Structures are given as C-alpha cells and as structure tokens.
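Chain and residue survey
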Amino acid sequence: MTKKRVALVTGASSGIGEASARKLSAAGYRVYGTSRRGSQAGKRPFPLLTLDVTDDASVGAAIEELLRLEGRIDVLVNNAGFGIAPAAAEESSAEQAMSIFDTNFLGIVRLSRAVIPHMRRQGSGRIINIGSILGIVPLPYMALYAASKHAVEGYSGALDHELRTQGIRVSVIEPAYIKTQFAANNIEPDVRLEEYDLIRAKLAKVVSKAMAEAESPEVVADVVVKAAQTLHPKMRYTAGRLADQLNFILRFAPASFLDKVVRKSLQLDAKE
Ligand SMILES: NC(=O)c1ccc[n+]([C@@H]2O[C@H](COP(=O)([O-])OP(=O)(O)OC[C@H]3O[C@@H](n4cnc5c(N)ncnc54)[C@H](OP(=O)(O)O)[C@@H]3O)[C@@H](O)[C@H]2O)c1
C-alpha cells in the first residue's frame, strides 16, 4: 500500500483529463486515469483503468480496483463529458437530454458516491469537478450541455458544504473554449430541423475559429493541480482568459451587457 497521495482522473484518454493526469503525476501524485477503452486507449505515463461513468457496476469495479491497488484515494477529478454539436434545444429528444445528463452530471454523482465513504474514513479528500463556463453563463444552441453543467455547479456547491467538516472539499473548474477533441467528439442532435440550417452553418464557423484560437488543456490542468494542493480550496475556479472575462462580466456588469456579449460572440443577430 502506498503512502503517496493517490489521484483518479476520469476521461483521461485525451484533452483536459489527460493533461490533468500528467500534471498531477508531475506534482507527485500517484495517478490513475480512466477510459471506456481501458488500457487499450494507448500508452501514457499513468495507468488507465476501464470506466464508463454511466454504468454503476463499472464505477464500483474501478473504485474497488483502485483501492485494491493503492488502499486510498485522495483526489477525484470528475472530467469525463461530452457535448451535443451546436444544436437547437428542440432538436434533441428527452432521451438525448437524459443521455448527456447521464454522463456529464450523473457520472459525477456516481463517482462521488463511490469515493466519499473512503475519503470520510481517511478524514480527507478533494473532489474536483470539470464544469464549464456554460455552467454559469448559458449559451444558446448548447442548451442541454449548459443545463448539465449548471447541474454540476449546484451539486458541487451543496456537496462542498456537506463534506467540509469531514475534511473533504469539493471544487468545480469552469473553462471556456479549450483546444481538445471536444468539438470533434460532440454528438449530433436527434433531428436536424431545416429552420436551423443557416444558424448551424454560421455557428460551425464561429466554434471552429474559437476552438482553433483556444488555450491549451494545460491551462485547465494547472488549475486542477492548484485546487488539489492548496490548503484552502475555493468552490469555484475559472480556467483561462475567456472564462475569466465572462465570469467578470457576469459578476460586475448589468445582465443586459452579458446578453449582448453572448449574442455578439455567436453572431446571432448578424445579417448574413
Ligand atoms: N474543450 C472545451 O472547450 C471544454 C470547455 C469547458 C469544459 N470542458 C469539459 O472538459 C471535460 C473534458 O473534455 P475535453 O475537452 O478534454 O474533451 P475530450 O478530449 O473529448 O475528452 C473527453 C473525455 O471524456 C471521456 N468520456 C466521455 N464519455 C465517457 C463515459 N461515459 N465514461 C467515461 N469516460 C467518458 C473520454 O474518454 P473515452 O472516450 O476514452 O472513454 C475522453 O477521455 C468535459 O467534461 C467537458 O465538458 C471542455
């Protein structure tokens, strides 16, 4: 059994999860990542456990395996998640809404419930949830994704209050656009309504430009390490320049200004 601090990062096969796992390893943690494909997801400087966050049995088995190997868990980074390609809210069925919540929100609930008893027994632990700036600033044509990330905010804030006296702290990290495979891994809405074809084409351009210019996942990973290590973690951290700006506008500018910024950034009222 190890004396080193042990961290588990879900969705560590790529992007923000992989960068966070690498940075936590470099910071001295004994890190395990997860992927639905397990170790078949490729070679990395940390082992990958097989995990599907939508499956109770898979979550139970991964945590059992981690505890068998290490006997403790100090940091859980709930990172696994996906989006629905920019799509109108009415283009997704209730089943599709349930499926995005199943991964982005209930995945966090499942993992948290699996690790909390162990962290409580240890009298310490950190749960770090990768939310999104869309968890506090809802963007159109990402309605279900934004709703799932709002759920992450509410859950994280409540949980942090509940667990603080047990030595466990919960933080949520809110990036904006980050250059990863996220947009490429977006799933299509259930139906494409032709009424939205024009705005869909316009948004595809806006989002691909924003993703091309976006900051790297290491920017988020640095915040993950900070939330894991600092003595007094905050409940919310923005990550990256754009998220900082939007958070600032949300806090200090009139709501009508944020409304304009959102519409302008997506060119929603542009003529062509
Ligand atoms: N990139 C951005 O612009 C951005 C901005 C704000 C927030 N975020 C959030 O950051 C997190 C990571 O996204 P990313 O940008 O790094 O995208 P990514 O490169 O597509 O990575 C997503 C990861 O999630 C895993 N995953 C997806 N569904 C899963 C499931 N059911 N069970 C287990 N793992 C699952 C994938 O692993 P496998 O396919 O190997 O299983 C993959 O490692 C997400 O929560 C996303 O919402 C991203």
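Residues numbered from 1 in each chain as written. Predicted model: local features only at pLDDT ≥ 70, side-chain atom pairs only at ≥ 80, totals over all residues.

In this section: the site of the ligand. Close contacts around the ligand come from 29 residues, with Gly11, Gly15, Ser35, Arg36 and Gly81 the closest. Of all the secondary-structure elements, those providing two or more residues to the shell around the ligand are α1 (15-26) and α6 (182-185). Top contributing element to the shell around the ligand by residue count: α1, with three residues. Split into classes, the residues belonging to the shell around the ligand amount to eleven nonpolar, 15 polar and three charged. (Near = placed C-beta within 6 Å. Helix = DSSP H or I, 4+ residues; strand = E, 2+ residues; numbered from the N terminus. Nonpolar A, V, L, I, M, F, W, Y, C, P; charged D, E, K, R; others polar.)

A word on the pairing of strand β5 (residues 125-130). In terms of burial, β5 is a largely internal element, six of the six residues being buried. With burial as the criterion, each face of β5 is covered, one bearing Gly125, Ile127 and Asn129 and the other bearing Arg126, Ile128 and Ile130. The pairing of strand β4 (residues 75-78) with β5 spans four bridges and is parallel. Note that in β5 the partner of Val75 across the bridge is Arg126. Judged from the six bridges that link them, β5 and strand β6 (residues 168-175) form a sheet pairing that is parallel. Residue pairing across strands places Ile130 opposite Ile173, the latter belonging to β6. Crossover connection from β5 via helix α5 (residues 143-163) to parallel β6: handedness right-handed. (Buried ≥ 20, exposed ≤ 12 C-beta atoms within 10 Å, placed from the backbone. Pairing = 2+ DSSP bridges. Right-handed = clockwise from strand over helix to strand, strands pointing away.)

Let us now look at the environment of Leu8. As for its position among the elements, Leu8 is in strand β1 (residues 6-9). Residue classification places Leu8 among the buried positions, given that 28 C-beta atoms sit within 10 Å. Note: C-alpha distance between Leu8 and Asp74 (66 residues apart in sequence) is 8.3 Å. Setting aside chain neighbours within four positions, we find Leu8 in contact with Tyr32, Leu66, Ile73 and Leu76. (Contact = placed C-beta atoms within 7 Å.)

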